[in-house]
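# Notes for the structure review
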Amino acid sequence: MRRALLAMTAVLAIGAAAGWAWVQTLGWQANSVGPSSAVTRVLVTPGSSLRAVLKQIAKQGALNQPRLFEVYLRCCNAQFRQQLPAVKAGEYLLPAGASALAIVQQLGEGRVILEQLTVVEGWTFAQMRAALDSHPRIAHVLKGRTDAEVMTALGLAGVHPEGRFLPDTLRFAAGTADQHILQLAHANLARELAAAWQQRAPDLPIKTADEALILASIIEKETGVPDERRRVAGVLSNRLRINMKLQTDPTVVYGLGARYDGDIRKRDLTTDTPYNTYTRHGLPPTPIALPGKDSIWAAVQPDKTEALYFMALGDASGRHDFTRTFEEHQAAIRRYDARRRARGL
C-alpha cells in the first residue's frame with residue numbers, strides 16, 4: 001500500500017513538473033519574437049471575437065498556433081486569465097516580429113490606425129455628406145438617406161442640418177460609421193457654440209445662440225481672411241442693430257441652390273426667397289454653411305466699428321475695404337472695378 005502511494009505521488013509530481021514545464025514553454029513562446037518579418041496590416045470588423053482575429057492574424061503569417069495561444073491566455077496568463085480582452089474594431093499595424101502577447105495587448109487597447117476626414121470651414125452640409133459618402137474607410141450607414149432622415153437618425157428630428165456640424169479634421173478608426181462621425185461633429189459644434197454664447201458681448205443685436213450660428217455662417221462665407229472676421233461681424237451687427245438689410249451675396253447664393261451657376265445677376269438680387277437678404281430684413285431662417293470656430297466667436301464678440309459697408313479690394317488678397325457711409329462705399333466700388341480692369345478681369 002505504501003509503495004502504491006509512493007508511486008502515485010511520484011506520478012503526480014512528474015505530471016505537475018511536466019505541466020509546469022508546459023506552461024513555462026507556452027509563456028516563453030507567447031513572449032518570443034513572432035514569425036512575421038514585416039509589418040502586418042490587419043482589419044478587424046465590428047463584433048469580431050478574439051479567437052477569430054487571432055486565426056486571421058495567423059493566416060497572415062504574424063502568429064503561430066493561435067488556438068494554443070488562446071488556451072494559454074485563458075488558463076495560464078495572470079493578466080488575461082479572468083477575462084480575455086474585447087477586441088476593438090479598426091485597422092491595425094502589427095510590428096514586424098511582434099510577440100503573441102504584444103499583439104493581443106495592442107488589440108485589447110485598440111491601438112488602431114487612425115483615418116481622417118477634413119471638414120472645411122464654409123462647406124455646406126451637402127458638401128460634408130459628399131465627403132463622408134466618398135471616404136473609403138467609413139461605414140456608410142446613412143448614405144442615400146434624405147437630410148431629414150439623417151437628422152432623425154442622429155436624434156435631431158426636425159432640426160435643419162446646415163451649420164450644425166463643426167468643421168475640423170476628424171480622426172477615427174477604419175470602419176467607423178458615418179452616423180458616429182456626424183454625431184461627433186455635432187457634439188463639437190454644440191460645445192463650441194455654447195461656450196461662445198456664454199461669453200458673448202453684452203450689446204449684441206441677436207437674441208439666441210441659434211441666431212449667433214446663423215450670423216457666424218454668413219461671416220464664414222463673406223471673408224476667408226481670419227483677421228477680418230470680427231470686422232465683418234461688426235458691420236453685420238451694426239446693420240442688424242438699425243434694422244438695415246444685410247444685403248450679403250452668400251445668402252442669395254444659398255437661396256438659389258442648384259440654380260446658382262457661378263454668377264449673381266440683378267434678377268437674383270430682386271427675386272425674393274427666405275434667404276435673400278436684399279429683399280428681407282434680418283437674418284435668414286437657417287445657417288448657410290458650416291462656420292468654423294473663429295467665425296462663431298466673431299459673431300458673439302464683434303469689433304466695435306462705425307462701418308456699415310465692406311467691399312472686396314479686388315486685388316486677389318481676399319481682403320475688404322470697410323467704409324462708414326454709402327458715398328464711401330460707392331468710392332470703394334469704383335476702386336474695386338479699377339483694380340479688376342487693371343488685372344484684365
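Residues numbered from 1 in each chain as written. Predicted model: local features only at pLDDT ≥ 70, side-chain atom pairs only at ≥ 80, totals over all residues. Heavy atoms only, no water.

## Examining the pattern of salt bridges
Applying the stated rule across the entire model yields 16 salt bridges. The salt bridge partner of Arg335 is Asp321, with a shortest N-O separation of 2.5 Å. Of the two residues, Arg335 sits in helix α13 (residues 326-342) while Asp321 sits in strand β6 (residues 320-323), which places them 14 residues apart along the sequence. Classification of Asp321 as buried rests on a relative accessible area of 17%. Here the residues in one salt-bridge network are Arg41, Glu91, Glu115 and Arg137, joined through shared partners. (Salt bridge = Lys/Arg side-chain N within 4 Å of Asp/Glu carboxyl O. Helix = DSSP H or I, 4+ residues; strand = E, 2+ residues; numbered from the N terminus. Buried < 20%, exposed > 50% of the residue type's maximum accessible area, 1.4 Å probe, protein only.)

## Remarks on empty space enclosed by the protein
For the structure shown, the criterion picks out one cavity of 30 Å³ or more. There is about 40 Å³ of room inside the largest cavity. Lining the largest cavity are Arg129, Leu132, Asp133, Leu142, Lys143, Val150, Asp178 and Leu182. Secondary structure elements with two or more residues in the lining of the largest cavity: α5 (125-134) and α7 (178-198). Counting residues per element, the lining of the largest cavity draws most heavily on α5, which supplies three residues. Residues that form the lining of the largest cavity fall into these classes: four nonpolar, no polar and four charged. (1 Å grid on protein atoms, 1.4 Å probe; cavity = no way out; pocket = protein on both sides within 12 Å on 5 of 7 lines; lining within 4 Å. Points joined across faces, edges and corners; volume = space filled by probe spheres on them. Nonpolar A, V, L, I, M, F, W, Y, C, P; charged D, E, K, R; others polar.)

## Observations regarding the confidence of the model for the chain
Across the chain, the average pLDDT comes to 88, with 88% of residues at 70 or higher. In this model, residues 9-22 is a region of pLDDT below 50 whose contacts with residues beyond four sequence positions or in other chains number three contacts. (pLDDT = per-residue confidence, 0-100. Contact = heavy atoms within 4.5 Å.)

## Here's the deal with the layout of surface pockets
By volume, the largest pocket is sized at about 1100 Å³. Looking at the lining of the largest pocket element by element, the count peaks at five residues for α13.

## A few points about the packing of helix α2 (residues 50-59) against helix α4 (residues 100-109)
Close contact between α2 and α4 brings their axes to 12 Å; oriented N to C, the two are set at 130°. Relative to α4, the element α2 lies oblique. The interaxial crossing formed by α2 with α4 has right-handed handedness. For the pair α2 and α4, contact is made by Leu50, Val53 and Ile57 and by Ile103, Val104 and Leu107, respectively. The residue makeup of the contact of α2 with α4, split by class, is six nonpolar, no polar and no charged. (Axes fitted to C-alpha atoms, helices over the stretch in contact; angles between N-to-C directions. Parallel < 35°, antiparallel > 145°, perpendicular 65-115°, else oblique. Left-handed = near helix turned anticlockwise from the far one by under 90°.)

## Describing the packing of aromatic side chains
If you walk through the whole model with that rule in mind, you get four aromatic pairs. Between Phe310 and Phe322, the aromatic rings sit 5.8 Å apart at their centres with planes inclined by 35°, giving tilted as the arrangement. With Phe310 in strand β5 (residues 309-312) and Phe322 in strand β6, this pair connects stretches of sequence that are twelve residues apart. Overall, Phe322 belongs to the buried group, its relative accessible area being 13%. (Phe/Tyr/Trp six-rings, centres within 6.5 Å; stacked < 30°, edge-to-face > 60°.)

## Quick word on the packing of helix α8 (residues 209-222) against helix α12 (residues 293-300)
Relative to each other, α8 and α12 sit at 120°, their axes nearing to 8 Å. The orientation of α8 relative to α12 falls into the category oblique. As for the relative orientation of α8 and α12, their crossing is right-handed in sense. Only Ser295, Ile296, Ala298, Ala299 and Val300 of α12 make contact with α8, whose side of the interface consists of Ala212, Leu215, Ala216, Ile219 and Glu220. For the contact of α8 with α12, the class distribution of residues is eight nonpolar, one polar and one charged.

## Topic: the nonpolar core
Counting residues in each nonpolar core, the largest one holds 30 residues, and the members touching the most others are Ile206, Leu215, Ile219, Leu236, Ile296 and Val300. Residue assignment for this core shows that the elements contributing at least two residues are α7, α8, α9 (229-241) and α12. Considering each element in turn, this core owes the most residues, six residues, to α8. Leaving out residues up to four positions away in the same chain, Val300 has contacts with Ala196, Trp197, Arg200, Ala201, Leu204 and Ala212. (Core = buried A, V, L, I, M, F, W, Y, C linked by side-chain atoms within 4.5 Å.)

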